[in-house]
Amino acid sequence: MKNFTVLAFLIFSISNFAQIKGTITDLKGNPLPFVSVFEENTYTSTTSNEQGKYQLNVKEIGKNKITFQYLGFKTQKQTVASDSKILILDVKMEEENFELNEVVINSKDNPANAIIKSAIANKKSNSEKTARYTADFYSKGMFKIKDLPKKIMGMKVDIGDEMASNLDSTGTGILYLSETISKISFEKPEKLKEKIIASKISGNNKGFSYNTATLSTYDFYDNTLEFNINLISPIADNAFNYYKYKLEGTFFDDNNQQINKIKVTPKRDKEPVFEGYIYIVDDSFAIYAVDLDIKGYRMKNEFTEVMNLKQSFSYNVKNKIWSKNAQTLSFNAGAFGVKFSGKFNYVYSNYEFPASFQKKTFGNEIVAFEADANKKDNAFWNQIRPIPLTIEESNDYIKKDSLQTIRKSQKYTDSVDAKNNKFKIFDVLMGYDYKNTFKKYSFEYKGLLNLSSLSFNTVQGFNLDSGFSIKKWNEEKGTSTSISTTFNYGFSDERFRVTGQFSHRFNNINHASIWASGGTKTAQFNSGEPISNIVNSISSLFFKDNYMKLYNLEFAQINYGQDVANGINLNAKIGYEQRKPLFNTTDYSFFKRDDIYTSNNPLAPNDFITPAFDQHHLFKTALTARINFGNKYISRPDGRYNIKNEKYPTVFLAFEKAFAASEKKYEFESVGASVQYDLSLNNKGVLGMNFRAGKFFNAENISFIDYRHFNGNQTHIGTSDRYLNVFNLMPYYTNSTNDSYFEMHLEHNDMGFVTNKIPLINLLKSTMNLGFHTLAIPDRKPYTEFTVGLDNLGFGKFKLFRVDYVHSYQGGIQQNGIVFGLKILNVLD
C-alpha cells in the first residue's frame, strides 16, 4: 500500500508539471553547457547539458521569472507566460564585463585577501543557513574510454565481448551511463537520509546506479574536503598557509549583489590543494560559485590527471539563503596511452529548510531504494529528468537497451559461450574454463602446468597446484554455491596432497554463508601465514634462507557466519585436525649452494632430527565476532550493503577451545580481542591503530602449533600497504606464547603534510610513515620497534613501493634494518 501511495503521488506530480525548455547559447550561437536555470525565489532548478539544451519542470506556467546563471556571462532573467504545458524558450547569453578598480596589489594590501578573510570569518553563519534541509536530487554519471589498444605491453586486452561492442574501431566509447532521482534529508555535519525513487543504467535494466547524494556532498565551508585524501578548502581556517589569492574582477548579479571573482593559486605545488576560481558575494561573503581543479598527484592518485569541480548557488530573496543548485564533477585519467574521462552532473531542487528534524529521521540506513526504482519507463524519465540527454547519451541508451534484450536471450548467450568454451589440446596443460551464462554456472580446470601456483620450500621442493571448481549463482536472489578441489604435488617429497572446499551464500541481506573444507595440506605453524609463497621461494632459492616452517595437516571443518545485528557479524567453526611433523627433503638453491638451510623445526633451527612436536590429533571449535560500531548501510532490493562508520573502531572478539585430543595435554581454551581504528587528522594524515590482547587457559603443555604466534619479518621485504599487523625485524617464532599477550601497532601516514614541504623530497610526491610497535608477554622483556619511512614511491603513475628504516629493542638487544615494501607482491602471490 505504501509503494502504491508513493507511485500515485509521483504520477500526480508528473501530470501537474509544466515544462520550460530550450537551448542556451552565447551571442555567436555556441552552446553553453551546465548553465544554471532556476525559477526566481523558488528552489526549482536545472542545468543545461553539453549541447546547451535544458528543461525546467515548474508547477505551472503563468508569470514565471526564470534566471539563467553562468560563470563568465551576465546573469539573465526572463519573464514567461503561456497557457501551454510546454514552453520553448531559447536564450542567448552575453559575456560578463568584469570590473576591477585600479589598485596596487602587494602582500600587505591585497583586496582578495581581505575578501577571503571576511569569507572565513562569516563561513560559520553562512554554513548554518543550509545546515538542515530536504531537497530533490538528480544525478547523471558517465565514464568514457578513448584509444583502447588491442594489446598493452604485449598482452591482449580483454574487456569482454559485451563491453567491447560498445566501442568504435579506435577503441573509444561510453563504458557506463546512469541516472538517479532521489529525495534527500540532510543535517550537518554528516547526517543523511536518501530515498532513491528512480535508478537507471544504460544496458542494464536490473542494475542500481551508484550515483547517490551520499557520494557527492562537497562543502567548501568545511575546512577540508575528502578526495582520497583531505584537501584544504580555499576558505579553510588555515587557508592562507596554502593559498595565494588575486581579485580578478567584480560584477553584479540580477539581485544587484556584487560578486567577487578570486583566483586561487597554491603556494606549494605538491600540497593537497585546489586551484582555479572561487566567487564570493560581497556583504554576506557567501559562496556564489566555485570552479576549481584538482591535480591527481595532489590527492595521491597518480592515474588521475586532473579533476574539476564546479558548483553554482542561487539566492532566494524571501529567506536570504544562497543554496547550491548545481554541481559538476569531471575528470581525465589514463595509463599506457589509454585515456579515461568521467563526468557527473548533480541538480538540487525543491529545497525546504526545517527548523529541526524528527528524532527518527536519521538512522543507520543512509540510502534506500524503492522496490521498482530500476523499472521506470522512458516516459517517466523524459518527463522528470531535469537535464536533457545529449545525442550521444540518447544513442547509448537506445543501443545498449535494445542490445540488452538480445544479449540476455539464451540463443545469444549460448552462442557467445560456445565460442569461449571451445576446448583446445593445450588446455590439458594450461587449463580450461567452461561457462553457461544463461543457466548461471561455470566450471574451471586449472591445468597440469598451473605456473602461477609454482613455489619452492625445503619440505616439498618445487610444488605445483592443479584442481577443479564448479560455481552456480543467482544475482537476483543473492545466492551462490561453489565446490572446488585442489591437488598439490611436491617434487622433492614426491607426495600428492588434496583438499576440497564447499561454500554457499544464502542471501545478500544478512550475508549468511556456510562453507566446509577438508583434506591434506602443508600448513605454516603460524596460521596467519606471515611469509608468502613467492617471498619464501625467492628467499630460499636466491639467499638460502628458508624461513617458512611447515607441518602436515589432515583436517575437516565447517564454518557458518552471518550478520546477526547491524554492524555485528558472528562466525562459528568446528573442525578436526591431525598434525604430523615434516622435515626438509631438499637442499637445492640457485646460489650459495655450499650454505646449509636451517631445519624445519622453528624451535631448533640447527636440529635436523628432533621434530617440533609429536604427532597428535584434536577437535577445535571457535566463535568469533566482528563489531562495527555506528555501522551504516545501503538497502537495495537485491541486498544490503554495509558501510563502515569511520568515526568508530572495529572490535574483534574470539573464543577457541580444543577438545577430544589424542592426549589431554593438547586441550585448552583461549580468548582474544582486537581493536582497529583509523584516526583522521584532517590534512595532517591518518593514524592507524591495532591493539590485540589474549589469554590461554589450561595450556601449559599444548602443541607449539596452537601457541599464539606473531607476524614477524626476517626477509626485509614488506608486502602489505600498511604495517599494522607485523613486527618488521622480529624473528617469526622467538616470542610465541601459550600464556597472555598484548601487542600494539601504531602507524601514522602524513599523507604528504610534511614531505610536501621538504625541498627535493617533495619531488617524489611521497608520504611519510612513522611507526611504533610493541609486544608484551609474561617472563620476557617487551619487544619494541620504531620505524620511519617513505611510502607512495615508484615510477611515473605506478606508486607500488615504500622504504622504512626500523630500529628494534628487546632485553638489551638492538637491531637496525631496512624494509623494502613491494606492494605488488600482494597481487602476484
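Residues numbered from 1 in each chain as written. Predicted model: local features only at pLDDT ≥ 70, side-chain atom pairs only at ≥ 80, totals over all residues. Heavy atoms only, no water.

## Some remarks on the overall build of the protein chain
Now for step 1: Scanning the protein chain for helices and strands turns up 9 helices and 44 strands.
Now for step 2: Whereas a compact globule of 829 residues would reach a radius of gyration of roughly 28 Å, the protein chain reaches 31 Å, a difference of no more than 12%.
Now for step 3: The C-alpha extent of the protein chain, read off along each of the three principal axes, is 95 × 70 × 55 Å.
Now for step 4: Across the 829 residues in the protein chain, those meeting the buried criterion constitute 48%.
Now for step 5: Restricting the contact set of the protein chain to residue pairs at least 6 apart, pairs at least 24 apart contribute 61%.
Now for step 6: Surface summary for the protein chain: the accessible area is close to 40,300 Å², and the carbon and sulfur share equals 57%.
Now for step 7: Charge separation in the protein chain, taken as the distance between the mean sites of 100 positive and 88 negative side-chain charges, equals 2 Å. (Helix = DSSP H or I, 4+ residues; strand = E, 2+ residues; numbered from the N terminus. Rg over C-alpha atoms; globule rule 2.2 N^0.38 Å. Buried < 20%, exposed > 50% of the residue type's maximum accessible area, 1.4 Å probe, protein only. Contact = heavy atoms within 4.5 Å. Areas by Shrake-Rupley, 256 points an atom, 1.4 Å probe, with all protein chains shown as cover. Lys, Arg positive; Asp, Glu negative; His and termini not counted. Charge placed at Lys NZ, Arg CZ, Asp CG, Glu CD.)

## Things to note about the pattern of salt bridges
Side-chain pairs of opposite charge can arise where the charged atoms are in close proximity.
Now for step 1: As enumerated under the stated definition, the model contains 39 salt bridges in all.
Now for step 2: A salt bridge links Asp 291 to Lys 310, with the shortest nitrogen-to-oxygen separation between them at 3.8 Å. Of this pair, Asp 291 sits in strand 19 (residues 287–295) while Lys 310 is found in strand 20 (residues 304–316), placing the two residues 19 residues apart along the sequence.
Now for step 3: Three or more residues are tied together by salt bridges with common partners; here these are Asp 269, Lys 270, Glu 275, Lys 295 and Arg 298. (Salt bridge = Lys/Arg side-chain N within 4 Å of Asp/Glu carboxyl O.)

## Quick notes on the confidence of the model for the protein chain
Now for step 1: Of the residues in the protein chain, 93% have a pLDDT of 70 or more, and the chain-wide mean is 89.
Now for step 2: Note on residues 1–16: pLDDT is under 50 here. Beyond four places in sequence and across chains, it has 10 contacts. (pLDDT = per-residue confidence, 0-100.)

## Looking at the environment of Ala 699
Now for step 1: Note that Ala 699 resides in the loop between strand 38 (686–697) and strand 39 (717–718).
Now for step 2: Separated by 313 residues in the primary sequence, Ala 699 and Pro 386 place their C-alpha atoms 68 Å from one another.
Now for step 3: When sequence neighbours within four positions are dropped, the list of residues in contact with Ala 699 reads Phe 668 and Asn 738.

## Describing helix 6 (residues 410–420)
Now for step 1: Within helix 6 the residues assigned to the buried category are Thr 413, Val 416 and Asp 417. Down the axis of helix 6, the smallest arc covering the buried residues is 100 degrees, so these residues share one side. Exposed side of helix 6, more than 90 degrees from the buried face: Lys 411 and Lys 419 are the residues found there. (Arc of directions from axis to C-beta.)

## Overview of the environment of Asp 587
Now for step 1: Here Asp 587 shows up in the loop between strand 32 (568–581) and strand 33 (616–628).
Now for step 2: Residue Asp 587 is classed as partly exposed on the basis of its relative accessible area, which comes to 41%.
Now for step 3: Residues Asp 587 and Trp 473, 114 residues apart in the sequence, show an inter-C-alpha distance of 46 Å.
Now for step 4: If sequence neighbours within four positions are ignored, Asp 587 has contacts with Lys 544, Arg 593, Asp 595, Ile 596 and Tyr 597.

## Thoughts on the packing of aromatic side chains
Now for step 1: Per the counting criterion, the structure on display carries 55 aromatic pairs.
Now for step 2: Measuring from ring centre to ring centre gives 5.7 Å for Phe 727 and Tyr 783, while their planes differ by 90 degrees; the resulting arrangement is edge-to-face. With a gap of 56 residues between them, Phe 727 in the loop between strand 39 and strand 40 (741–749) and Tyr 783 in strand 42 (residues 783–795) connect regions that are remote in the sequence. Comparing Phe 727 with Tyr 783 shows no difference in burial state: the two are buried.
Now for step 3: Ring geometry for Phe 795 versus Phe 801: centroids 6.1 Å apart, planes at 75 degrees, classification edge-to-face.
Now for step 4: Owing to a relative accessible area of 66%, Phe 795 belongs among the exposed residues under this scheme.
Now for step 5: For Phe 801, a relative accessible area of 26% puts it in the partly exposed group.
Now for step 6: Here the aromatic cluster, defined as three or more aromatic residues joined through ring pairs, consists of Phe 456, Phe 462, Phe 542, Tyr 588, Phe 590 and Phe 591.
Now for step 7: Here Lys 117 stacks its cationic end above the ring of Phe 240, 5.8 Å away from the centre of that ring.
Now for step 8: Lys 200 extends its terminal NZ or CZ atom over the ring of Tyr 397, reaching a point 4.6 Å from the ring centre. (Phe/Tyr/Trp six-rings, centres within 6.5 Å; stacked < 30°, edge-to-face > 60°. Lys NZ or Arg CZ within 6 Å of the ring centre and 35° of its normal.)

## A few points about the nonpolar core
Now for step 1: Grouped together as the largest cluster of nonpolar side chains are 60 residues, with contacts concentrated most on Phe 227, Tyr 243, Ile 262 and Phe 274.
Now for step 2: Here this core takes 6 residues from strand 19, the largest share from any one element.
Now for step 3: Membership of the second largest hydrophobic core comes to 20 residues, among which are Phe 668, Val 726, Phe 727 and Val 806. (Core = buried A, V, L, I, M, F, W, Y, C linked by side-chain atoms within 4.5 Å.)

## What to know about the sheet that holds strand 6 (residues 76–80)
Now for step 1: What the 4 strands build is an open sheet, ordered 3-2-5-6; its pairing is antiparallel. The open sheet has two free edges, formed respectively by strand 3 (45–47) and strand 6, since each of these has just one partner strand. Strand-to-strand, the axes of this sheet are offset by a mean angle of 20 degrees, without reference to chain direction.
Now for step 2: When strand 5 (residues 64–69) meets strand 6, the two strands line up antiparallel, connected through 5 bridges. What sits directly across from Lys 65, in strand 6, is Thr 79. (Pairing = 2+ DSSP bridges. Axes fitted to C-alpha atoms, helices over the stretch in contact; angles between N-to-C directions.)

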